[in-house]
Amino acid sequence: MIDLAIIGGGPAGLSAGLYATRGGIKNVVLFEKGMPGGQITGSSEIENYPGVKEVISGLEFMEPWQEQCFRFGLQHEMSEISRISKSGEIFEILDTSGKVSQAKAVIFATGGRPKRAGIKGESEFWGRGVSTCATCDGFFYKDKEVAVLGGGDTALEEAVYLTRMCKKVYLIHRRDGFRAAPTTIEHVKNNPKIQIVTPSIVEEIRGDSSGVSSVVIKNIQSGELRELAVPGIFIFVGYDVNTQILTQEDGSMLCECDEYKSVKVDLSMRTSVSGLFAAGDVRIQAPKQVVCAAGDGATAALQAISYLEQAK
Ligand SMILES: Cc1cc2nc3c(=O)[nH]c(=O)nc-3n(C[C@H](O)[C@H](O)[C@H](O)COP(=O)(O)OP(=O)(O)OC[C@H]3O[C@@H](n4cnc5c(N)ncnc54)[C@H](O)[C@@H]3O)c2cc1C
């Protein structure tokens, strides 16, 4: 019987592992399908984690996190989980090989992934001019012109955010109207640094060994092609949270989720199911930043410790 199972070994899961083991929980197992580290290990640079002055790659940045956890006794099981369910007071964790592990409490920290638009050049320049996070990468384009693709709340909010440091933001969307809050649309329309480019799609992202140099856009009404010389494009066409493993045999979800399938939590990272906590990008209203995911993980672990003590 595992005391605390942590599903997902990104910043949220690893912080949870650190706080849980240091907090005295004996049998803490981290289930991670790959190498621990999470999404950030795919980033070539991170420079906004407090206290870390150097700009380093996501892989280098996350390496000491696991070492630190393992020093305090966190156990790592490399396996992909396919379902979490609860039977009485005990959680059952099924992996893709069919093995079932049992745990008294679970911290769910499986993160998510930004959707790709499927544009020519997108994969080639991913992380080298193609970004999905203005908070993370906007500063790299200080005083430069950038493109933003998307027409929802996130795209518009991020476009406005980018105008704080960029010279100009081209906001490209395939429809003339945006699917965002009316006030956000107003902010975009009134912002002199944003040029709205509609109804248009991005046909191709171009560049060379140093990264993106331009995007080719097509007006879908006239068919006209135009090349915008920008060193960066931010793509906001949706985000998938990894919550499918909460789906039960009858199709219901183990705990309450919102319309985007993000897990509903309170400020203590408690879900609607007792003993189940969620942390990081997988939870509702996550700022999708490493520092926030780490904070969530610590909060969830402290709550899990109290839960396990009360359950004794
Ligand atoms: C390219 C890029 C650049 C970024 N740059 C920055 C930045 O500069 N600064 C910043 O603060 N943030 C940045 N972010 C955001 C940051 O990476 C995330 O906010 C953070 O990683 C979220 O942590 P998490 O632990 O919640 O989830 P994740 O990092 O997504 O970790 C979840 C883990 O769960 C595992 N997992 C998922 N499903 C299963 C399963 N079924 N079984 C077992 N394991 C599973 C995954 O393999 C993964 O390791 C960036 C993100 C990307 C993609």
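Residues numbered from 1 in each chain as written. Predicted model: local features only at pLDDT ≥ 70, side-chain atom pairs only at ≥ 80, totals over all residues. Heavy atoms only, no water.

Engineer: So what's going on with the site of the ligand? Which residues, and what values?
Structural biologist: Contacts to the ligand come from 30 residues, most closely from Glu-32, Gln-39, Asn-48, Asp-281 and Val-290. Within the side chain of Asn-48, an N or O atom sits 2.9 Å from a nitrogen atom of the ligand. A distance of 3.1 Å separates an oxygen atom of the ligand from a polar atom in the side chain of Gln-289. Every element with two or more residues in the shell around the ligand is listed here: helix H1 (11–22), strand E2 (28–32) and helix H6 (290–311). (Near = heavy atom within 4 Å. Polar contact = N/O pair within 3.5 Å; in protein donor to acceptor, adjacent residues only side chain to side chain. Helix = DSSP H or I, 4+ residues; strand = E, 2+ residues; numbered from the N terminus.)

Engineer: So what about unusual backbone geometry? Which residues, and what values?
Structural biologist: Look at the link from Thr-198 to Pro-199: it is a cis peptide, with omega at -15°. Inspection of the secondary structure puts Pro-199 in the loop between strand E11 (194–197) and strand E12 (200–208). Positive phi values are uncommon outside glycine, yet Met-269 reaches one of about 65°. With respect to the element layout, Met-269 can be found in the loop between strand E16 (239–241) and strand E17 (276–278). Exposure remark for Met-269: the relative accessible area of 6% places this residue in the buried category. Unusually for a residue other than glycine, Lys-288 sits at a positive phi of about 55°. (Buried < 20%, exposed > 50% of the residue type's maximum accessible area, 1.4 Å probe, protein only.)

Engineer: Summarise the state of the cysteines; cite the residues concerned and give the values.
Structural biologist: Applying the stated criterion to the full structure yields 1 disulfide. Across a sulfur-sulfur distance of 2.1 Å, Cys-133 and Cys-136 are joined as a disulfide pair. Judged by the torsion about the S-S bond (70°), the Cys-133/Cys-136 disulfide is right-handed. Residue classification places Cys-136 among the partly exposed residues on the basis of a relative accessible area of 29%. Not engaged in a disulfide, the cysteine Cys-69 finds its nearest cysteine sulfur in Cys-292; these two sulfurs lie 18 Å apart. The exposure class of Cys-69 is buried, given its relative accessible area of 2%. (Disulfide = S-S within 2.5 Å.)

Engineer: Please set out H1 residue by residue, giving values where relevant.
Structural biologist: Taking 1.5 Å per residue as the helical rise, H1 with its 12 residues ought to reach 16 Å, and the 16 Å between its terminal C-alpha atoms agrees with that figure. Burial runs high along H1: 10 of the 12 residues are buried. Those residues of H1 lying buried are Pro-11, Ala-12, Gly-13, Leu-14, Ser-15, Ala-16, Gly-17, Leu-18, Ala-20 and Thr-21. One or two steps after H1, the chain reaches Gly-24, where phi turns positive at roughly 100°. (Expected span 1.5 Å × (residues − 1).)

Engineer: Describe the packing of helix H4 (residues 153–162) against helix H5 (residues 182–189), naming the residues involved and giving the relevant values.
Structural biologist: Between two packed helices, the angle of one axis relative to the other and the distance separating the axes together describe the packing. Packing of H4 against H5 leaves a shortest axis separation of 10 Å and a crossing angle of 40°. As H4 packs across H5, the resulting crossing turns out to be left-handed. Along its contact with H4, which presents Asp-153, Leu-156, Glu-157 and Val-160, the element H5 presents Thr-184, Ile-185, His-187 and Val-188. Residues of the contact of H4 with H5, tallied by class, amount to 4 nonpolar, 2 polar and 2 charged. (Axes fitted to C-alpha atoms, helices over the stretch in contact; angles between N-to-C directions. Left-handed = near helix turned anticlockwise from the far one by under 90°. Contact = heavy atoms within 4.5 Å. Nonpolar A, V, L, I, M, F, W, Y, C, P; charged D, E, K, R; others polar.)

Engineer: Account for the sheet that holds E12, naming residues and giving values.
Structural biologist: The 3 strands lie next to each other as E12-E13-E14, forming an open sheet whose pairing is antiparallel. Of all the strands in the sheet, the pair left with one neighbour each is E12 and strand E14 (225–228). Averaged over all adjacent pairs, the angle separating strand axes in this sheet is 25°, with direction ignored. Here E12 pairs with strand E13 (residues 211–219) via 8 bridges, running antiparallel. Each bridged residue has a counterpart across the sheet, and for Ile-205 the counterpart in E13 is Val-215. (Pairing = 2+ DSSP bridges.)

Engineer: Describe the environment of Cys-292, and please don't skip the residues or the numbers.
Structural biologist: With respect to the helices and strands, Cys-292 occurs in helix H6. Taking the C-alpha atoms as reference points, Cys-292 and Tyr-49, separated by 243 residues in sequence, lie 9.9 Å from one another.

Engineer: Mind laying out the packing of H1 against helix H2 (residues 58–71), listing which residues take part and the relevant values?
Structural biologist: The contact between H1 and H2 brings their axes to 9 Å, and the two run at 30°. Classed by the angle they form, the pair H1 and H2 counts as roughly parallel. Between H1 and H2 lies a crossing whose hand is left-handed. Residue-level contacts link Pro-11, Leu-14, Ser-15, Gly-17, Leu-18 and Thr-21 of H1 to Met-62, Trp-65, Gln-66, Gln-68 and Cys-69 of H2. (Parallel < 35°, antiparallel > 145°, perpendicular 65-115°, else oblique.)

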